[in-house]
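# Structural features, examined
Next come the chains, spelled out residue by residue.
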Amino acid sequence: MGSQSKLSILFTSEEIEATVSKLAAEIRQDYLGKHPILIGVLKGSFMFMADLIRLLDFPLEVEFIRLSSYGGGRKSSGKIKVVQGLQSEVRGRHILVIEDIVDTGLTTGFLLDYLGKKKPASLRLCALTDKPSRRKTPVTIDYRGLTVPDKFIVGYGLDWDEKFRYLPDICVLENEG
Ligand code: IMP
């Protein structure tokens, strides 16, 4: 990659904003009064998490978890482990996982299993983007934002090799070679 790569906008910041508002309204309706813990999956979900939580005007807790995933390339290694864990007790709590993207589903599937073993009162998933064409393991997305084609996307928190997270739009990263 490098000078050979080209970005084209897939979802504008306005489309993203509308999607985040729609998801926030659904989440608000289901979690009001339940004092949930929202667990953002680092690093990709940080921007989505911040915008989403700003729209949720009721008591909730914020956590982050970091899992090993791509390691700087475009292919998931399939090996997942918790690199940075949780501070809060999950048992008996309403847990909502906040993902930037569900691609093969391996990372999210691992995380939902990991959290499920901790016996939460409930466990659901909110994903800003979904790339269903690449799924290797079934994952139920309770709050789904934007469906993306089988392309590598960057921006709004999503990276390629730590680049492009700052972009306000979600863009397709194309190889021009
Ligand atoms: P999985 O394949 O569903 O396990 O996705 C693992 C992780 O790969 C996601 O949490 C993202 O961080 C990253 N990922 C997958 N697809 C993309 C993409 O199109 N752009 C940027 N990151 C991606």
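This one's a predicted model, so the numbers in the text were calculated from it and none came from an experiment.

About the thresholds
- Residues numbered from 1 in each chain as written.
- Predicted model: local features only at pLDDT ≥ 70, side-chain atom pairs only at ≥ 80, totals over all residues.
- Heavy atoms only, no water.
- Buried < 20%, exposed > 50% of the residue type's maximum accessible area, 1.4 Å probe, protein only.
- Helix = DSSP H or I, 4+ residues; strand = E, 2+ residues; numbered from the N terminus.
- Contact = heavy atoms within 4.5 Å.
- Pairing = 2+ DSSP bridges.
- Axes fitted to C-alpha atoms, helices over the stretch in contact; angles between N-to-C directions.
- Salt bridge = Lys/Arg side-chain N within 4 Å of Asp/Glu carboxyl O.
- Core = buried A, V, L, I, M, F, W, Y, C linked by side-chain atoms within 4.5 Å.
- Right-handed = clockwise from strand over helix to strand, strands pointing away.

What helix α2 (residues 46–54) keeps buried is the set M47, F48, M49 and L52. Buried residues along α2 sit in contact with α1 (13–31), β2 (37–42), β3 (61–67), β5 (94–102) and β6 (122–130).

Turning next to the side chain of T108. With respect to the helices and strands, T108 occurs in helix α3 (residues 106–116). Leave out the neighbours within four places in its chain, and T108 touches E99, I101, V102, L125 and V139.

As a further point, take the sheet that holds strand β7 (residues 143–147). On the basis of which strands lie adjacent, the open sheet formed by 6 strands has the order β4-β3-β2-β5-β6-β7 and mixed pairing. This sheet does not close on itself; its edge strands, each paired only once, are β4 (82–84) and β7. Each adjacent strand pair in this sheet contributes to an overall mean axis angle of 30°, direction not counted. Summarising the sheet, β3 and β4 pair through 2 bridges and their orientation is antiparallel. Looking at the pairing, L67 lines up with V82 of β4. Packing of α1 onto the sheet brings it into contact with β5, β6 and β7, and relative to β7 it is tilted by some 170°. Sitting on the sheet, α3 touches β2, β3, β4, β5 and β6, and the angle it makes with β5 is about 170°.

On inspection of all chains with the given rule, the structure shows 12 salt bridges. A salt bridge links R93 to E61, with the nearest nitrogen and oxygen atoms 3.1 Å apart. Taken together, the positions of R93 in the loop between β4 and β5 and E61 in strand β3 put the pair 32 residues apart, joining distant regions of the chain. Exposure remark for E61: the relative accessible area of 27% places this residue in the partly exposed category. Linked through salt bridges whose partners overlap, the residues forming this network are K43, D159, E162 and R165.

Let us look at the nonpolar core. Grouped together as the largest cluster of nonpolar side chains are 28 residues, with contacts concentrated most on F48 and L52. Secondary-structure elements contributing two or more residues to this core are α1, α2, β5, β6, β7 and β9 (170–175). The element best represented in this core is α1, accounting for 6 residues. One finds V41, V102, V139 and I141 within the second-largest nonpolar core, a separate group that totals 17 residues.

This part covers the pairing of β2. Burial of β2 is extensive: 5 of the 6 residues sit out of reach of the surface. In the classification by handedness, the crossover that spans β2, the intervening α2 and the parallel β3 is right-handed. Summarising the sheet, β2 and β5 pair through 4 bridges and their orientation is parallel. Within the sheet, the bridge partner assigned to G40 lies in β5 and is I98.

Mapped onto the elements of the fold, R28 is located in helix α1. A sequence separation of 27 residues divides R28 from L55, and the C-alpha atoms of the two residues are 8.8 Å apart. Sequence-distant contacts of R28, that is, excluding residues within four places in its chain, are made with L56, D57 and F58.

Ordered by their spatial adjacency, 3 strands build an open sheet running β1-β9-β8, and the pairing between neighbours is antiparallel. Taken across any chain shown, the strands that pair with only one partner, and hence form the sheet edges, are β1 (5–11) and β8 (153–154). Both β1 and β9 contribute to a ladder of 6 bridges, which runs antiparallel. Within the sheet, the bridge partner assigned to I9 lies in β9 and is C171.

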